[in-house]
Amino acid sequence: MSQPHLSVLLDEVLVALSPLEGAVIVDATFGAGGYSRALLEGGASVIGFDRDPGVMPHVEAVKAQAGERFRFIPRRFSELAEGLEDAGVSGVDGVVMDIGVSSMQLDEAERGFSFMRDGPLDMRMSQSGATAADLVNQADEAELARIFYVYGEERQSRRIARRIVERRTDQPFETTLDLAAVVERALGGRKGAPTHPATRVFQALRIAVNEELSELEQGLDAAEAVLKPGGRLAVVTFHSLEDRIVKRFFTERGGLKPQGSRHAPPVAAGPEPTFHLPHKGAREPSVQELAANPRARSARLRAGVRTDAPALRAAA
């Protein structure tokens, strides 16, 4: 089965979800289907989820090759529990999530995710609802600064927000290169920086438009709810905001909260762990993978194995 886009940390994900033969695995972020294809080749049955209508050609290609071992549910991954219930599936053996924008979306200028090519300032994964242009042209200065600082970790967020508001008074923003140029001027040019000055702003807008962080938190809760005892969860993230959420989730669910001080009163025991963590910390791409796919440089994989304890928090 051909793979039109490279799936990051693929070998590590397959190990984290093994054994695959006869398992039912949810590919919660189907995209171009790279993980699904590999899981099917490993002997699993796969249920794909994705909110992006643009993935349908890849869905049809996988269906044609895998037959009844592949099903697709066109919903966001925070809705795993509801989607599986509607499909008559009571539990699964594994869930994989690849968080963030896909290469497929980045490479399509008309989707507006990247400033590397000019296109409409869109950034909607679901291709519905408010666009990044709506946000940039309508949000007040304080809200724009908050978005850039919280979601992009941009230290010059107020300066950029002020320049955006000043410019849009005369002409609204419509394209990616227009916004990128204004951000670059606000920050005084590149000055030899290894990344474009607008990188953090574009990241922040994408996260805000798609509500990515709350989606991730709800998706993790949903995965906990649908996994059978012994089921496996593998999550690939691409920046620190996402990774912190996943790390906190596995720390909490794995019963790894810090112990109380011996000088303080005893700390009450928490809930029974809902996940066993097979390894400490996160897995990172190999040197070989980075050479083949530089976009994988920030990727991190965290994984856990479901215990038989009740889900700590019901899926939303």
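Quantities reported herein were computed from a predicted structural model and do not represent experimental measurements. (Residues numbered from 1 in each chain as written. Predicted model: local features only at pLDDT ≥ 70, side-chain atom pairs only at ≥ 80, totals over all residues. Heavy atoms only, no water.)

This brings us to the packing of helix 11 (residues 212-226) against helix 12 (residues 240-253). Geometrically, a packed helix pair is captured by the angle between its two axes and the distance between the axes. At their nearest, the axes of helix 11 and helix 12 sit 10 Å apart, and the two run at 30° to each other. Here helix 11 is positioned roughly parallel relative to helix 12, judged by the angle of their axes. Helix 12 is crossed by helix 11, and the crossing has right-handed handedness. In this structure, helix 11 contributes Glu212, Leu213, Leu216, Glu217, Leu220, Asp221 and Glu224 to the contact, and helix 12 contributes Leu241, Glu242, Ile245, Val246, Arg248, Phe249 and Arg253. Of the residues that constitute the contact of helix 11 with helix 12, the class distribution is 7 nonpolar, no polar and 7 charged. (Axes fitted to C-alpha atoms, helices over the stretch in contact; angles between N-to-C directions. Helix = DSSP H or I, 4+ residues; strand = E, 2+ residues; numbered from the N terminus. Parallel < 35°, antiparallel > 145°, perpendicular 65-115°, else oblique. Left-handed = near helix turned anticlockwise from the far one by under 90°. Contact = heavy atoms within 4.5 Å. Nonpolar A, V, L, I, M, F, W, Y, C, P; charged D, E, K, R; others polar.)

Following the criterion strictly, the structure yields 5 aromatic pairs and no others. Summarising the aromatic geometry, the rings of phenylalanine 30 and phenylalanine 70 are spaced 5.6 Å apart at their centres and angled 40° between planes, so their arrangement reads as tilted. Here phenylalanine 30, found in the loop between strand 1 (24-27) and helix 2 (34-41), pairs with phenylalanine 70, found in strand 3 (residues 70-73); they are 40 residues apart in sequence, far enough to count as distant. In this structure phenylalanine 70 comes out as buried when scored by relative accessible area, which is 3%. Here a set of aromatic residues connected by ring pairs shows up, and it is made of Phe30, Phe70 and Phe72. Over the aromatic face of phenylalanine 173 sits the side chain of arginine 167, whose NZ or CZ is 4.2 Å from the ring centroid. Note that arginine 306 overlies the ring of phenylalanine 275, its terminal NZ or CZ placed 6.0 Å from the centroid. (Phe/Tyr/Trp six-rings, centres within 6.5 Å; stacked < 30°, edge-to-face > 60°. Buried < 20%, exposed > 50% of the residue type's maximum accessible area, 1.4 Å probe, protein only. Lys NZ or Arg CZ within 6 Å of the ring centre and 35° of its normal.)

Moving on, we get to the sheet that holds strand 5 (residues 227-237). As summarised here, the arrangement of the 7 strands in space is 3-2-1-4-5-7-6, forming an open sheet in which the pairing is mixed. Sheet topology places strand 3 and strand 6 (275-276) at the edges, where each strand pairs with a single neighbour. Relative to the sheet, helix 1 (residues 10-17) contacts strand 1, strand 4 (92-98), strand 5 and strand 7 (300-306), its axis offset from that of strand 5 by approximately 165°. (Pairing = 2+ DSSP bridges.)

Within the structure shown, the criterion is met by 16 salt bridges. Glutamate 153 is paired through a salt bridge with arginine 244; the nearest N and O atoms lie 3.1 Å apart. One end of the pair, glutamate 153, is in the loop between helix 7 (141-152) and helix 8 (157-170); the other, arginine 244, is in helix 12, and 91 residues separate them in sequence. Judged by relative accessible area, arginine 244 falls into the partly exposed class, the value being 43%. Across the pair arginine 253 and aspartate 221 runs a salt bridge whose closest N-O atoms are separated by 2.7 Å. Of this pair, arginine 253 sits in helix 12 while aspartate 221 sits in helix 11, and the two are 32 residues apart along the sequence. An identical accessibility class is assigned to arginine 253 and aspartate 221; each is buried. (Salt bridge = Lys/Arg side-chain N within 4 Å of Asp/Glu carboxyl O.)

For helix 10 (residues 199-210), which comprises 12 residues, the first-to-last C-alpha distance of 17 Å matches the rise-based estimate of 16 Å (1.5 Å per residue) to within 8%. Restricting attention to buried positions, one finds in helix 10 the residues Val201, Phe202, Gln203, Ala204, Leu205, Arg206, Ile207, Ala208, Val209 and Asn210. Here the buried face of helix 10 lies against helix 6 (132-138), helix 7, helix 8, helix 9 (176-186), helix 11 and helix 12. Downstream of helix 10 by a residue or two, glutamate 211 has a phi angle that is positive, lying close to 50°. (Expected span 1.5 Å × (residues − 1).)

Look at the link from serine 18 to proline 19: it is a cis peptide, with omega at 5°. Phi is positive for leucine 9, which is not a glycine, with a value near 55°. Backbone geometry places glutamate 153, a non-glycine residue, at a positive phi of 50°. Accessibility expressed as a relative area gives 31% for glutamate 153, which makes it partly exposed.

Here we take up the pairing of strand 3. Direction of pairing for strand 2 (residues 45-49) relative to strand 3: parallel, over a ladder of 4 bridges. In the strand pairing of strand 3, isoleucine 47 is matched with arginine 71. Read from strand 2 through helix 3 (residues 56-66) to strand 3, the crossover connection turns out right-handed. (Right-handed = clockwise from strand over helix to strand, strands pointing away.)

The subject of this paragraph is the side chain of arginine 302. Within the secondary structure, arginine 302 is located in strand 7. Excluding residues that lie within four positions of it along the chain, arginine 302 makes contacts with Leu233, Ala234, Val235, Asp243, Val246, Lys247, Phe250, Gly281 and Ala282.

Ranked by internal contacts, the top residues of the largest apolar core, which has 59 residues, are Leu80, Val95, Met97, Phe148 and Leu233. If you tally residues by element for this core, the top one is helix 10, at 7 residues. With near-sequence residues (within four places) excluded, methionine 97 lies in contact with Ala28, Thr29, Phe77, Leu80, Gly219, Leu220, Ala223, Ala234, Val235 and Val236. Judged by nonpolar contacts, the second largest core, of 31 residues, contains Leu9, Ile25, Ala44 and Phe238. (Core = buried A, V, L, I, M, F, W, Y, C linked by side-chain atoms within 4.5 Å.)

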